[in-house]
Amino acid sequence: MSSDPSRLSLFWAEYRENKIAVLALAVVVAMILLAVFAALISPQDPYDLAKLSLRDSRRPPGFVGTGGYTHLLGTDPQGRDLLSAILYGLRISIQIGLAAGFVSLTIGTTLGILAAYVGGRVETLIMRLVDLQLSFPAILLALVIVAMLGQGKAQLIGALVAAQYAYFARTAYGAAKAERGKDYIEAALATPLSARLVLWRHMLPNCTPPLIVVATVQIANSISLEATLSFLGLGLPVTEPSLGMLISNGFAYMMSGRYWISVYPGIALIILIVAINIVGDQIRDQFNPRLRK
Amino acid sequence: MLGFIIQRFIQAVGVMAVMSVIVFFGVYAIGNPIDIVIPPDATQEIREEAIRRLGLDRPLYEQYFTFVSNLMQGDLGRSFVYNMPVLELIGGRLPATLELVMISVISATVLGISLGIFAGYYPDSWVSKTIMAVSVLGFSVPSFWVGLILILFFAVHLGWLPAGGRGETVMIWGVAWSFPTLNGLSHIALPAINLALFKLAMMIRLARAGTREIMLTDTIKFARAAGLSEATILRRHLLKLISIPIITVFGLELGSTLAFAVVTETIFSWPGVGKLIIDSISVLDRPVMVAYLILVAFLFVTINFVIDLIFALIDPRVRQGASA
Amino acid sequence: MTGPVLSVQNLRTHFFTRAGVVKAVDDVSFDLARGEIMGLVGESGSGKTVTGFSLLGLVDPPGRIVEGSVKLNGTELIGLSHAALRSRRGREISMIFQDPLATLNPLLTIGQQMQMAINAHERLSQRAANARSAALLTKVGIPSAEARLRAYPHEFSGGMRQRVAIAIALLHRPAVLVADEPTTALDVSIQAQILLQMRELAAETGTAMIWISHDLAVVSSLATKLAVMYAGKIVEQGPTATLLRDPRHPYTAGLIASLPAMAKPGTPLTQIRGTMPSLLSLPAGCPFAPRCDRHTKACLASPQMTMAGGRGWRCFHPVGHSAGATP
């Protein structure tokens, strides 16, 4: 049921009608490819300290550096080629976004479906916690966790997950609760099939559409949140510069007119986030029965 | 109505209590409690002395009571970095954050609702479509990036507005505020715009969705059938009905705005509580961190309580605890 | 006696959707005399609600009235300016809807909502407005009217709420009241009360009523004349008693036969087979033909309304006594 070929092709046919959404999807795919093949494409390995020369630092776009190649987007304060740094930074941003999104999805969905299925006090307890969490701004939560646990990749993902699992939990809960009441679930539960099987094969597939929508939004949010934290200096360590950190590195130089150090990574970040959001918007509109005329 | 208020108040107190327990355990049980009071570079002797003096070798529940009673008396410890009572420290920076947040929130809400209602009332006009397209940007783009662009454009490129810091202040009720002065306003402008953008986008979308939905209901049709003018319908039906979802989101977003002030204050070097907390996290000034958490929890609980009260004022069904 | 208080001629209201043109109301004509109660009967999708909206000029885009005339008290409504139309709504013609919970604003008191309706057309002091509102509430059967003015909609029961809506609709003593399924959402026992109330009110105030419903049984106890709608057209109209006793159009006959009251105990309930076609793809000719037992090739042409002796039907093969015999 969840991999019904004709449903997917129908979905895609409708999706294709919105040219902007298709463009956005293409952009997202392109960025993912860029990130995956960053090591092969980028002119310079930004982590290889040996290749860096301070004489190249803070050079404007188009400058030909000591390495012999043209720095298409200029260099940063350490003399790194900005284009390469952006590609690697893109990879990190996408990695973190996907990781945080995936873990939040798993945890949140499990909790939500569990609450809907078990009911009673467990349900109230879980959903109270989720509600409390939802009213707490993500960035504050992330700050608190980073403050308590220190910095690092795992802590960052943990902070992002803690801030976002609640959205998945609430969505899964809502969808599962609607399904729970339906007769076919009652019927399935009456059979010798294990409850877990029923949940997996029946309830889960029906919760998938809204979860997909939430997932796209949350991945974009994770990327945005991670960038913000890195910008504040509370994200990843300096050895793995994400786009946020690149932007913050260049912040001080903006006043003196060397805007490219912050602006280009920023543009890359914006394009990524906006593209994901547009795709998410389109998916959401297509799944929403009320908007169908 | 009174019963409702009392009930909500008790809930608020309850949540505060729970929060205090969470913060307490987060700090005292997980972290090393002694780090709250002693700077990380103290010698072993001083540490042991402090542990004994502060009763940190006492059972946990006893420590909790000490913690809470200190809180009640307003003793939130002393900052390592600034070497002054945290309460004083936060208190000094709070007005800056408050005026920034208030100006942002009020302008975002007023402007957002107006634009949103317009967009919902005339959904097919090109003005509305433009408003909606721009609101998507307000949503997706990380606020620190917007702040950067604002500085780049208005401060560096055009030179119209200052790039950071707070302006001249004026003393009102013994507290220093900067918005009454022109210089102060010029300093508030960019950070306020930065902070307001997300909320603005959200309000526009919400008001538009609400307007579209409400205008299609039977209530509006019936009012039209009775011959009410569109102006009356807008004023007395739409605005009232739309206030419920808007106030809900407003409350949630207020907290979120307070949180995002952290980012804006950092970018614009705004001397508020937000910047304080970022700095404190970097240098591990734990008393400040703890105090900030308690403060935030308190603000949240208060905001929720006030929102509940406002609901009761607007919606008679909530007041009377009735169902249809 | 002056002419009809409402005269509708060849009304057509079409919806211009992306999927095509929906002819929701397609050539509807009827007259309404002062104080007369007419039942407009049909299944969902027959166009009866849109007819009601068209009379008040409340058709939302993408729909619009494309043709026809609606004369209220002698004045042509179609083509009037917004302001002119608005001044008549609520004052000369008003409408009530199916679900009173959705019709009344839950955040305003009854008194406030009635005052707003009054102020739409007259400037009255608060006291005078409240007095009139209370008087009307009493007339529709709500006790302690003055105190109830300060109450909110959710404090009333369903039947009471609908009475409030009726009161609001009658504040300015309109010549015509259009009621769109007003009792469908109510208990059967309350239904009967409201029906009685409406009949008394019509007699007392002289307000003509159009009662829109899918329930033939409910309508026939109240209305003096009926109009049966199908796929946007009136297929039969005439005095209620005559129509029920001696229907001409097969659809009307089918509706009457499928009433539970008409069923013989022990036998299955009669039903009209099939369903109404989508208004986007109507068959050529008579829209009822696919479901009709009497259809022939002649029915591929569109039947016109045959008028005789105060009644009319749109059929090439009418039921019962052949046309010409006056009932």
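One can find the structure itself at the top, above this paragraph.
The present account deals with the structure reproduced in this document.

**Some words on empty space enclosed by the protein**
All names here are of chain B. Following the criterion strictly, the structure yields five cavities of 30 Å³ or more and no others. Lining the second largest cavity are 14 residues, and of these Leu258, Val273, Tyr292, Val296 and Leu299 lie nearest its centre. When residues of the lining of the second largest cavity are assigned to their parent elements, the largest contribution, five residues, is made by helix H12 (residues 286-314). Of the residues in the lining of the second largest cavity, the class split is 11 nonpolar, three polar and no charged.

**Some points on helix H7 (residues 153-180) of chain A**
In a regular helix each residue adds 1.5 Å, so 28 residues correspond to 40 Å; H7(A) covers 38 Å between its end C-alpha atoms and thus fits that length. Most pronounced at Gln164(A), the bend in H7(A) amounts to some 35°.

**Observations concerning the pattern of salt bridges**
Residues and elements named next belong to chain C. Within this structure, the stated rule accounts for 18 salt bridges over all chains. The shortest N-O distance in the salt bridge between glutamate 43 and arginine 291 comes to 3.2 Å. Of this pair, glutamate 43 sits in the loop between strand E3 (37-41) and helix H1 (48-56) while arginine 291 sits in the loop between helix H11 (250-257) and strand E11 (306-308), and the two are 248 residues apart along the sequence. On the basis of relative accessibility, which here comes to 25%, the residue glutamate 43 falls in the partly exposed class. Connected through shared salt-bridge partners, Arg12, Asp26, Glu67 and Lys233 make up one network.

**Remarks on the interface of chain B and chain A**
Taken together, the contact pairs 30 residues of chain B with 32 residues of chain A. For the pair chain B and chain A, the summed buried area comes to about 2900 Å², and 85% of that belongs to carbon and sulfur atoms. The largest contributions to the chain B side of the interface with chain A come from Phe144(B), Trp145(B) and Leu148(B), which together make up 20% of the buried area. For the interface between chain B and chain A, the tally reads zero salt bridges. For the side of chain B that touches chain A, the secondary structure elements donating two or more residues are helix H6 (126-140), helix H7 (143-157), helix H8 (182-215), helix H10 (230-267), helix H11 (273-283) and H12 of chain B. Per-element accounting of the side of chain B that touches chain A gives the leading share, nine residues, to H10(B). Class assignment of the residues belonging to the side of chain B that touches chain A gives a composition of 23 nonpolar, five polar and two charged.

**Describing the interface of chain C and chain B**
Listed by partner, the interface residues are 31 residues for chain C and 24 residues for chain B. Both sides together, the interface formed by chain C and chain B hides about 2500 Å², and carbon and sulfur atoms give 65% of it. Looking only at chain C, the three residues that lose the most surface to chain B are Leu107(C), Met116(C) and His154(C), adding up to 30% of its buried area. The interface formed by chain C and chain B contains one salt bridge. With a shortest N-O distance of 2.8 Å, Asp60(C) and Lys221(B) are connected by a salt bridge. Where chain C meets chain B, there are six residue pairs in polar contact (both at pLDDT 80 or more). Partitioned by chemical class, the residues of the side of chain C that touches chain B number 19 nonpolar, eight polar and four charged.

Calculation rules
- Residues numbered from 1 in each chain as written.
- Chains lettered and ligands numbered in written order.
- Predicted model: local features only at pLDDT ≥ 70, side-chain atom pairs only at ≥ 80, totals over all residues.
- Heavy atoms only, no water.
- 1 Å grid on protein atoms, 1.4 Å probe; cavity = no way out; pocket = protein on both sides within 12 Å on 5 of 7 lines; lining within 4 Å.
- Points joined across faces, edges and corners; volume = space filled by probe spheres on them.
- Helix = DSSP H or I, 4+ residues; strand = E, 2+ residues; numbered from the N terminus.
- Nonpolar A, V, L, I, M, F, W, Y, C, P; charged D, E, K, R; others polar.
- Expected span 1.5 Å × (residues − 1).
- Bend = angle between axes of the 7 residues up to and from the residue.
- Salt bridge = Lys/Arg side-chain N within 4 Å of Asp/Glu carboxyl O.
- Buried < 20%, exposed > 50% of the residue type's maximum accessible area, 1.4 Å probe, protein only.
- Contact = heavy atoms within 4.5 Å.
- Buried area = accessible area lost by both parts, 1.4 Å probe.
- Polar contact = N/O pair within 3.5 Å; in protein donor to acceptor, adjacent residues only side chain to side chain.

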